[in-house]
Each structure stands twice: as structure tokens, then as C-alpha cells.
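Listed below, chain by chain, are the residues.
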Amino acid sequence: MKTAFTRSAALAALMMAGGASAQAESLTLYCSADEAWCQQIKTGFEEKTGITVDMTRKSSGETYAQVRAEASNPKGDVWWGGTGDPHLQAAEENLTEEYVSPMRGELHDWAIKQAEAAGNKTIGVYSGALGFGYNKDLLAKNGLPEPKCWADLTKPEFKGQIQIANPNSSGTAYTTLATMVQLMGEDKGFEYMKALHKNVNQYTKSGSAPIKAAGLGETTVGIVFMHDAVAQTAAGFPIVTVAPCEGTGYEIGSMSLIKGARNAEAAKKFYDWALSAEMQGKAKDVKSFQLPSNKAAAVSELTPDLSTIKLIDYDFKKYGSSEERKRLLGKWDTEVSSLPQ
């Protein structure tokens, strides 16, 4: 009896331990999208799987720097969202893992091309065009002309009226820098950034911060991805979204598995779930209006239609390379940000 009881007790203890282990499954998520969207993703995955998510929200440039700094002792499992360029750089520097999801057949071609450019170490989860937004009330109050083109933002009357993020911390701002180089050529692109610098009142850390400041009346113009400007309008702020007349670049927001992740299996579960139409179709519920990579995902009528925007042939592989990013950022630090305003 004693032996049977002991065995039963041991079995029960083992089952309890197994249950506790299953319940303890967790995931560390680095999220580089808007805070509300990141929180929705965290909660959605927890509810779907029972896996506990420890989520940190930082801009894409900051997250890349963190993943790089932690390379010898990785603390994150998945990096979701943010512009694709730093994801490509992380892939090139072997900071992320190759993974081919069974969900790939449901995705747009541009999402797959992003994966192929990185040796399957990242993949596209959304897309959006670069542009800017302005506060129409402040524009009228200050007697400013309606800006329709990139060139308009360098006019003297816009001095102190513009915000953009710092390209060292923000993927949005790096996309702006790389866009100008591709749109105008490097020399003229940097001349443009210098002219724009004269009118900038603040370089923010986060890419979406400038348009939020414009919505609150703290600045007139914010250079951002167009979907971020649309989100401010949807929230009731007097923001007008502009697709610049000269043409513009765009992002492929991406997702990567961090190399050496402690919770690799949970990370793959998240990765597959994050590519589903169900997950991606909920972005609009938190006023995130990017174009989802899953073809079947629900798309808000407010999402900018990329087919109507004059897009450049953005070279993601070149401008997402470690060498080119470092070179352009170094040149911006030396030739642009150091100038007086």
C-alpha cells in the first residue's frame, strides 16, 4: 500500500510539474510598431496560446541596437515590426535565425521577396508608404501654403515648423534618408536633408512621434509613414496626409527570430501566428492602417492605397545592408545633424 501510494503521489507530482512547465511557457517579444498595436499583439497571442508574453516596445533602430548588444547572451526571442532595413542588417550580421514558415503561401510577393533578400532570416508583415502630414489648423493660423511636395518642406516659411525622427534611432527617418538618396541621387539627396534641417524644430527618437506632435498642435508638419498620419486623422486630430508629388519610398515592416533565443519553439509559434490573416486583420481595430502581408487579411478603407502613390523602386537589399546603413548614418551625423539651425 505504501509503495502504491508513493508511486501515485510521485505520478501526481510529476503531472503537476508538467502542468506547471506548460503553464510557464513564455516568450520575450521586441515590438517596433505603435504601442497600442504592440499591446494588442501581446494580448492576442497570450489568449490564443496561453503563452505568457514579455513585450518591450522600442523603435526599429533602438531594437536593432539592443539585439546587437545582446548577441552573446540573447534576451529576446522575436523581433516584430519596424522598418525592414534594420531587420536586413541584423540578418546580414547573423543576429537572426533562418526560418521558413508554413504560412508563406498566404503572403503577398513583396513579403516573400523581403525574406529571400535576407536568406529567410526575416519576412514582411506589413507595408506602408513614406510621406508627411500637417496640422491644417496650425497651417492656416501661421498663414503657410499647403505643402504638396518634398521641396515645399525646405521653403523658408517652414522654418521651425517641421519634426522628423533621428535616423540613428528611427527606421522611419532612415527610410527618409535612403529615399532622398535614391530619389535625387546622393549629392542632391544630402543637400535636401541639409535644407530640411534648417526647418526642423526637433529630431525625435520614435518615427511616429512627429505626427503625434502635429496632432497635438506642437508642430505643424510631421514626416512619417502615411498610415501614421491617417491614424491621427482617424483619432480626431486635424491632420492632412500627403503623398509627396516627386515620389516617395516605402517600408516593408518585418519580423525576425533572434539567433540563440531561449524560447525558440514559442518564437516559431508566434511567427506563424503573426503571419495569419486573423492576426493581421485586427490591426485596424487599434488604428494601425498599414497594408498587411497576408492576402486574406481584412484591410481598413482608411489604409493608403499604394497603387495610387508614386513609389520609387526602393532597393531594400542595398539600403538594408550593414555597410550602407553605417555609411549613410555616419554621413548624416557629420554633414547634417552637426549643422546649426
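Each value, and the rule that gives it
Residues numbered from 1 in each chain as written. Predicted model: local features only at pLDDT ≥ 70, side-chain atom pairs only at ≥ 80, totals over all residues. Heavy atoms only, no water. Helix = DSSP H or I, 4+ residues; strand = E, 2+ residues; numbered from the N terminus. Rg over C-alpha atoms; globule rule 2.2 N^0.38 Å. Buried < 20%, exposed > 50% of the residue type's maximum accessible area, 1.4 Å probe, protein only. Disulfide = S-S within 2.5 Å. pLDDT = per-residue confidence, 0-100. Contact = heavy atoms within 4.5 Å. Expected span 1.5 Å × (residues − 1). Polar contact = N/O pair within 3.5 Å; in protein donor to acceptor, adjacent residues only side chain to side chain. Salt bridge = Lys/Arg side-chain N within 4 Å of Asp/Glu carboxyl O.

**Q** What's the story with the overall build of the chain in this structure? I'm lost.
**A** A count of helices and strands for the chain gives 14 helices and 11 strands. For a compact globule of 341 residues, the expected C-alpha radius of gyration is about 20 Å, and the chain comes in at 22 Å, within 12% of that figure. Principal axes of the C-alpha set define a box for the chain whose edges measure 90 × 40 × 35 Å. Looking at the chain as a whole, 53% of its 341 residues are labelled buried.

**Q** I'm lost on the state of the cysteines in this one. Help?
**A** Disulfide: a covalent bond connecting the sulfur atoms of a pair of cysteines. Overall, the coordinates contain two disulfides when judged by the stated rule. Bridging Cys 31 to Cys 38, the disulfide has an S-S length of 2.1 Å. With the S-S dihedral at roughly -85°, the linkage between Cys 31 and Cys 38 falls on the left-handed side. Assigned by exposure class, Cys 31 and Cys 38 land together as buried. Across the disulfide, Cys 149 is cross-linked to Cys 245 (sulfur-sulfur distance 2.0 Å). Around the S-S axis, the bridge from Cys 149 to Cys 245 shows a dihedral of about 120° and counts as right-handed. Here Cys 245 lies in the loop between strand E9 (239-242) and strand E10 (250-258) and Cys 149 lies in the loop between helix H6 (136-141) and strand E6 (162-165), a separation of 96 residues in the sequence. Of the residues examined, Cys 149 reaches a relative accessible area of 15% and is grouped as buried. Judged by relative accessible area, which is 43%, Cys 245 ranks as partly exposed. Ordinal numbering of bonded cysteines along the chain defines a disulfide pattern of 1-2, 3-4.

**Q** Quick question: what am I supposed to make of the confidence of the model for the chain here?
**A** The predicted model of the chain averages 93 in pLDDT, with 93% of residues at 70 or higher. The low-confidence segment residues 1-22 (pLDDT under 50) makes zero contacts with residues lying over four places distant or belonging to another chain.

**Q** For this particular structure, what's the right way to read unusual backbone geometry?
**A** Note on backbone geometry: most residues besides glycine have negative phi, and most peptide bonds are trans. Even without being a glycine, Asn 94 presents a positive backbone phi close to 60°. One can find Asn 94 in the loop between helix H4 (84-92) and strand E4 (96-97). Classification of Asn 94 as partly exposed rests on a relative accessible area of 39%.

**Q** Could you clarify how one ought to interpret the environment of Thr 248 in this entry?
**A** Within the secondary structure layout, Thr 248 lies in the loop between E9 and E10. Judged by its relative accessible area of 0%, Thr 248 is buried. The spatial distance from the C-alpha of Thr 248 to the C-alpha of Met 180 is 8.2 Å, given a sequence separation of 68 residues. When near neighbours in sequence (up to four residues on either side) are disregarded, Thr 248 contacts Ala 129, Leu 130, Gly 131, Trp 150, Thr 179, Ile 309, Lys 310, Leu 311 and Ile 312.

**Q** Quick question: what am I supposed to make of helix H7 (residues 171-184) here?
**A** Side chains that are three or four residues apart share a direction in an α-helix, a result of its 3.6 residues per turn. When the terminal C-alpha atoms of H7 are compared, their 20 Å separation across 14 residues agrees well with the 20 Å that a helix rising 1.5 Å per residue should span. Burial in H7 covers these residues: Gly 171, Thr 172, Ala 173, Tyr 174, Thr 175, Thr 176, Leu 177, Ala 178, Thr 179, Met 180 and Val 181. For H7, the capping residue at the N-terminal end is Ser 170, with a side-chain oxygen 3.1 Å from the backbone nitrogen of Thr 172. Trailing H7 by a residue or two, Gly 185 shows a phi angle of about 95°, which is positive.

**Q** When you look at the pattern of salt bridges in this model, what are you seeing that I'm missing?
**A** Pairs may arise between side chains of opposite charge once their charged atoms sit close together. Under the definition given, this model contains 13 salt bridges. A salt bridge links Lys 326 to Glu 93; the shortest N-O distance between them is 4.0 Å. Placement of Lys 326 in helix H14 (residues 322-337) and of Glu 93 in the loop between H4 and E4 is noted, with a sequence separation of 233 residues between them. Look at Lys 326 and you get partly exposed, because its relative accessible area is 44%.

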